[in-house]
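Structural overview for review
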Amino acid sequence: MKKVFYLNTCDTCRKILAQFDLTDWELREIKKEPITKEELSEMHKKTKSYEALFSKKSTQIKLRGLDVKSLTEKDFKELLLDHYTFLKRPVFLTDKEIFVGNDKKNVEALQEFFGVN
């Protein structure tokens, strides 16, 4: 399995994806095709945390009046399945590894994974 979950309207996602040869990867635009319970479960197996997959920058947090500090793992899971903007992106998922988000450390790990420097 080699999947990338991203948002087409996100410049950061597009910039990160453009660095790599993704010809044999399944590209999933999460607004058009939201993540499934099975895919979220697969991501969770690798991160051991729904919170690690959760974007604390989602505009939905303010719109819904959520207090992120009070959310449980169950809450994070439900929110991730409820709305695509809650997923930290991009997410690169393979059988063995997962790369979540766009922070510098993660992008560097991706570059190493793809052999791009």
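None of the values given here were measured: they were computed from a predicted structure.

A word on the overall build of the protein. A count of helices and strands for the protein gives five helices and four strands. Scanning the protein from its N terminus toward the C terminus, one meets helices and strands in the order β-α-β-α-α-α-β-β-α. For 117 residues, the compact-globule formula gives about 13 Å, and the C-alpha radius of gyration of the protein, at 14 Å, lands near that figure. Expressed as lengths along the three principal axes of its C-alpha atoms, the size of the protein is roughly 40 × 25 × 25 Å. For the protein, the residues scored as buried account for 43% of the 117 residues in total. Counting contacts in the protein only where the partners sit at least 6 residues apart, residues at least 24 apart contribute 59% of the total. Placing the 23 positive and 20 negative side-chain charges of the protein at their respective mean positions leaves the two points 3 Å apart.

A word on the packing of aromatic side chains. Summed over the entire model, instances satisfying the criterion amount to ten aromatic pairs. When the centroid spacing of 5.3 Å and the interplanar angle of 85 degrees are considered together, the rings of Phe113 and Phe114 count as edge-to-face. Within the aromatic cluster, the residues linked to one another by ring pairs are Phe20, Trp25, Phe92, Phe99, Phe113 and Phe114.

One finds Phe5, Met43, Leu53, Phe54, Leu80, Leu87 and Phe92 to be the most contacted residues of the largest nonpolar core, which totals 34 residues. Other than its neighbours up to four places away in sequence, Leu53 contacts Leu40, Met43, His44, Thr47, Leu80, Phe86, Leu87, Lys88, Ile98 and Val100.

The buried fraction of strand S1 (residues 2–6) amounts to four of the five residues, a majority that puts the element mostly inside the structure. In the sheet, S1 pairs with strand S3 (residues 91–94) via four bridges, with the strands oriented antiparallel. Each residue of the ladder has a partner; that of Lys3, found in S3, is Leu93. Direction of pairing for S1 relative to strand S2 (residues 26–29): parallel, over a ladder of four bridges. Its bridge partner lying in S2, Phe5 is registered against Arg28. Between the parallel pair S1 and S2, the chain is carried across by helix H1 (residues 11–17), and the sense of this crossover is right-handed.

Its place among the elements puts Thr12 in helix H1. Sequence-wise, Thr12 and Phe92 are 80 residues apart; in three dimensions their C-alpha atoms are separated by 14 Å.

The next thing to look at is the pairing of S3. The two faces of S3 match: Val91 and Leu93 on one face and Phe92 and Thr94 on the other face are all buried. Where S3 and strand S4 (residues 98–100) come together, three bridges link them in antiparallel fashion. Residue pairing in the sheet places Phe92 in a bridge with Phe99 of S4. Where S3 folds back on S4, the antiparallel hairpin that results is connected by three residues.

Rules used in this analysis
- Residues numbered from 1 in each chain as written.
- Predicted model: local features only at pLDDT ≥ 70, side-chain atom pairs only at ≥ 80, totals over all residues.
- Heavy atoms only, no water.
- Helix = DSSP H or I, 4+ residues; strand = E, 2+ residues; numbered from the N terminus.
- Rg over C-alpha atoms; globule rule 2.2 N^0.38 Å.
- Buried < 20%, exposed > 50% of the residue type's maximum accessible area, 1.4 Å probe, protein only.
- Contact = heavy atoms within 4.5 Å.
- Lys, Arg positive; Asp, Glu negative; His and termini not counted.
- Charge placed at Lys NZ, Arg CZ, Asp CG, Glu CD.
- Phe/Tyr/Trp six-rings, centres within 6.5 Å; stacked < 30°, edge-to-face > 60°.
- Core = buried A, V, L, I, M, F, W, Y, C linked by side-chain atoms within 4.5 Å.
- Pairing = 2+ DSSP bridges.
- Right-handed = clockwise from strand over helix to strand, strands pointing away.

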